[in-house]
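These are the residues of each chain, in order.
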Amino acid sequence: GWAWDAGASAVTVNTDGDIDPTHSWVNATAGFNIIRYQGNGSNSTVGHNLGAKPHFRITKWLSNSSAGNENWSVYHHSMGAGSMMNLDLTDAKGTSSVFFNNTEPTNNLFTVGTHNSVNEDDTYFISYNWTAIPGFSAFGSYTGNGNADGPFVYTGFKPRWFLMKETNDATNWLV
């Protein structure tokens, strides 16, 4: 298992969005924020406490009244808010505005669309949010070159943990 330190206690939630989080934990030094919110089923914004645009987000429902919405929805800044992937599936990148309303996150808000896996009415969700911290974390993309050694990807530091997924083909996520 992997764990990220989001602080020992909840912080004051950011109520700038249409949906007020019920809980928020943040580690600004690591660029990591956990937010718990209750969906409303409408295109909405949720406040986060990163103080910078999230580069990577994973959202999961905590309770759900309908089957088929149990996937871990993934936003990555290199794909844009009009695309999404599922952390627990091998599917290629999908294009849809119903997950993130085709709206990029800002320094204090992220957008959830109308899809039940990120914003079902009266359902609780957990959202893990990361922003890049130079020398500590990086979130990017690269194009393979077909060579056995692959391309060189500069991060600015030696990664201790690396998550990768091919976006244009049905493949496994790799750690």
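Before any of the text, the structure's been laid out above.
It should be emphasised that the depicted structure is a prediction, and the values quoted were computed from it without experimental measurement.

Some remarks on the overall build of the chain
Next, step 1: Counting its regular elements, the chain contains 1 helix and 9 strands.
Next, step 2: Reading the chain from its N end, one meets helices and strands in the order β-β-β-β-β-β-β-β-α-β.
Next, step 3: Against the compact-globule benchmark of 16 Å for 175 residues, the chain has a radius of gyration of 16 Å, which places it among compact chains.
Next, step 4: For the chain, the spread of C-alpha atoms along the three principal axes comes to 50 × 35 × 30 Å.

Looking at the nonpolar core
Next, step 1: Membership of the largest hydrophobic core comes to 14 residues, with the highest contact counts inside it found for Tyr37, Val46, Phe100, Phe110, Val112 and Val118.
Next, step 2: Secondary structure elements with two or more residues in this core: β2 (32-38) and β8 (109-112).
Next, step 3: Among all residues touching Val118, those that are not within four sequence positions of it are Tyr37, Thr59, Ser73, Val98, Phe99, Phe100, Val112, Gly113 and Phe125.
Next, step 4: Among the nonpolar cores identified, the runner-up in size contains 12 residues, and Met85, Trp130, Phe139 and Trp173 belong to it.

What about the pairing of β2?
Next, step 1: By the criterion of burial, β2 is predominantly enclosed, with 5 of the 7 residues buried.
Next, step 2: When strand β1 (residues 23-27) meets β2, the two strands line up antiparallel, connected through 5 bridges. Pairing of Asn27 across the sheet is with Phe32, part of β2.
Next, step 3: Connecting β1 to the next strand, β2, in antiparallel fashion are 4 residues, including Gly31 with a positive phi near 70°.
Next, step 4: In this sheet, strand β9 (residues 124-130) lies alongside β2 in antiparallel orientation, the contact comprising 7 bridges. Each bridged residue has a counterpart across the sheet, and for Arg36 the counterpart in β9 is Ile126.

Structural notes on the layout of surface pockets
Next, step 1: Of the voids in this model, the largest pocket is the one considered here, and its volume is about 1,400 Å³.
Next, step 2: Lining of the largest pocket is provided by 42 residues; of these, Ala138, Phe139, Trp161, Phe162 and Leu163 occupy positions nearest its centre.
Next, step 3: Among the elements of the structure, β4 (56-61) and β5 (73-76) are those that each provide at least two residues to the lining of the largest pocket.
Next, step 4: By residue class, the composition of the lining of the largest pocket is 26 nonpolar, 10 polar and 6 charged.

Brief notes about the packing of aromatic side chains
Next, step 1: With the rule as written, the count across this model stands at 13 aromatic pairs.
Next, step 2: The interplanar angle of 40° and the centroid separation of 6.3 Å between the aromatic rings of Trp4 and Phe32 together place this pair among those described as tilted. Residue Trp4 is found in the segment before β1, and its partner Phe32 is found in strand β2; the two are separated by 28 residues along the sequence.
Next, step 3: Judged by relative accessible area, which is 37%, Trp4 ranks as partly exposed.
Next, step 4: Taken together, the aromatic side chains of Trp2, Trp4, Phe32, Phe56, Trp72, Tyr128, Trp130, Phe139 and Trp161 make up a single cluster linked through ring pairs.
Next, step 5: The residue whose ring lies beneath Arg36 is Tyr124, and the NZ or CZ to ring-centre distance is 4.1 Å.

Cut-offs used in this document
- All residue numbers refer to position in the chain's written sequence, counted from 1.
- In keeping with the model being predicted, local features are shown solely for residues with a pLDDT of at least 70 and side-chain atom pairs are shown and tallied solely at 80 or more, while totals for entire chains, interfaces and linings include all residues.
- Hydrogen atoms and water are omitted, and side-chain values are computed over all heavy atoms in the structure.
- Helix and strand definitions follow DSSP, with helices as H or I runs of at least four residues and strands as E runs of at least two, each counted in order from the N terminus.
- A radius of gyration in this sense is built from C-alpha atoms; the matching globule rule multiplies 2.2 Å by the number of residues raised to 0.38.
- By nonpolar core we mean a set of buried residues, namely Ala, Val, Leu, Ile, Met, Phe, Trp, Tyr and Cys, connected to one another through side-chain atoms within 4.5 Å.
- Buried, partly exposed and exposed residues are distinguished by accessible area as a fraction of the type maximum, computed with a 1.4 Å probe on protein chains only: under 20%, between the cut-offs, and over 50%, respectively.
- Working rule for contacts: check all heavy atoms of both residues, and any pair within 4.5 Å makes them a contact.
- Note: two strands are recorded as paired if DSSP finds a minimum of 2 bridges between them.
- Computed over the protein atoms alone on a 1 Å grid, cavities are sets of points where a 1.4 Å probe fits but cannot get out and pockets are open sets with protein on both sides within 12 Å along at least five of seven lines; a residue lines them when it has an atom within 4 Å of a point.
- Grid points are joined across faces, edges and corners, and a volume is the space filled by probe spheres set on the points.
- Under the scheme applied, nonpolar residues are Ala, Val, Leu, Ile, Met, Phe, Trp, Tyr, Cys and Pro; charged residues are Asp, Glu, Lys and Arg; polar residues are all the others, including Gly.
- For this analysis, a ring pair means two rings from Phe, Tyr or Trp (six-membered ring only for Trp) whose centres lie within 6.5 Å, classed as stacked if their planes differ by under 30 degrees, edge-to-face if by over 60, and tilted for the remaining angles.
- Charges are assigned to positions over rings by a cutoff of 6 Å between ring centre and Lys NZ or Arg CZ, combined with an angular limit of 35 degrees from the ring normal.

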